[in-house]
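Residue-level listing of the chains:
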Amino acid sequence: MPVKDWLPATVRAAAADRKLKSGETLFRLGDKTAGLCEVVAGRVRLSRIDRSGREVILYIAGPGETIAEASLFSTAYHCDAVAGTDAVVRIYPKAAVLAAFEKDPKAARTFTATLARQVMNLRTRLEQRNIRSARERVRHYLSVNADADGRAVRINGTLKDVAAEVGLTHEALYRTLAALERAGEIRRNGGRITLLRVRRT
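Everything in this summary refers to the structure shown in the same document. Computed from a predicted structure; not experimentally measured. (Residues numbered from 1 in each chain as written. Predicted model: local features only at pLDDT ≥ 70, side-chain atom pairs only at ≥ 80, totals over all residues. Heavy atoms only, no water.)

### A closer look at the sheet that holds strand β10 (residues 186-189)
Phase 1: If you walk across this open sheet you meet the three strands as β9-β11-β10, and the pairing is antiparallel. Both edges of this open sheet fall to β9 (152-154) and β10, since each of them pairs with a single strand only. The mean inter-strand angle of the sheet, taken between neighbouring strand axes irrespective of direction, is 15°.
Phase 2: Two strands pair when backbone bridges link them, and β10 and strand β11 (residues 192-195) are joined in this way by four bridges, in the antiparallel orientation. Its bridge partner being in β11, Arg-187 is matched across the sheet by Thr-194.
Phase 3: In the packing of helix α6 (residues 170-182) onto the sheet, the strands contacted are β10 and β11, and the crossing angle to β10 comes to about 120°. (Pairing = 2+ DSSP bridges. Helix = DSSP H or I, 4+ residues; strand = E, 2+ residues; numbered from the N terminus. Axes fitted to C-alpha atoms, helices over the stretch in contact; angles between N-to-C directions. Contact = heavy atoms within 4.5 Å.)

### A short note on the pairing of strand β7 (residues 80-83)
Phase 1: By the alternation rule, side chains of β7 split into Asp-80 and Val-82 and Ala-81 and Ala-83, which are all buried.
Phase 2: When strand β4 (residues 44-49) meets β7, the two strands line up antiparallel, connected through four bridges. From the neighbouring strand, Val-44 faces β7, where its bridge partner is Ala-83. (Buried < 20%, exposed > 50% of the residue type's maximum accessible area, 1.4 Å probe, protein only.)

### Points about empty space enclosed by the protein
Phase 1: In total, this model carries one cavity of 30 Å³ or more according to the counting rule given.
Phase 2: Lining the largest cavity, in full, are Val-138, Tyr-141, Leu-142, Leu-159, Val-162, Leu-173, Leu-177 and Ile-193.
Phase 3: Looking at the lining of the largest cavity, the elements with two or more residues in it are α4 (134-144), α5 (159-166) and α6.
Phase 4: Taken together, the residues of the lining of the largest cavity sort by class into eight nonpolar, no polar and no charged. (1 Å grid on protein atoms, 1.4 Å probe; cavity = no way out; pocket = protein on both sides within 12 Å on 5 of 7 lines; lining within 4 Å. Points joined across faces, edges and corners; volume = space filled by probe spheres on them. Nonpolar A, V, L, I, M, F, W, Y, C, P; charged D, E, K, R; others polar.)

Quick look at the structure:
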């Protein structure tokens, strides 16, 4: 649910927009937290750097999505947030958001429901990452992201974003999609993938 539909007007009025160029950092791991962030335009990736120095993508947020929800209850950010494209991020001050939750139980309940959906999405992504076969992992991604009819998936962002989400290199994802297309399972058309047939297991 969009922030404007549940966050009180007084909190929305206190928000500040920040424009980011592609590659620019919104915050880094360990930085002092500022508040709840909403991606207004563009895409922002949340990531951490592993011991080998490789960036591990945790999530890529697009317009209308919130990030840094946990920062409302922490003094420091737990990951990096970097603009994947030119972006605009709206920051709602932590103190104002928490005060709104105290005064408005409906807003608090809606925020809790948002967190619950994120937990469910995270469980799905963990299930996905545990699938060893690249082809089966991509099939899983397509099935859980298909429209209500189960016939099409709209790709928001780039295929590199999808590769990061499913835990594959973008080369492996391209090869896998090409193989599925040759097998007659999918058809690609720009930012849309049509599922031509469901593989029964």
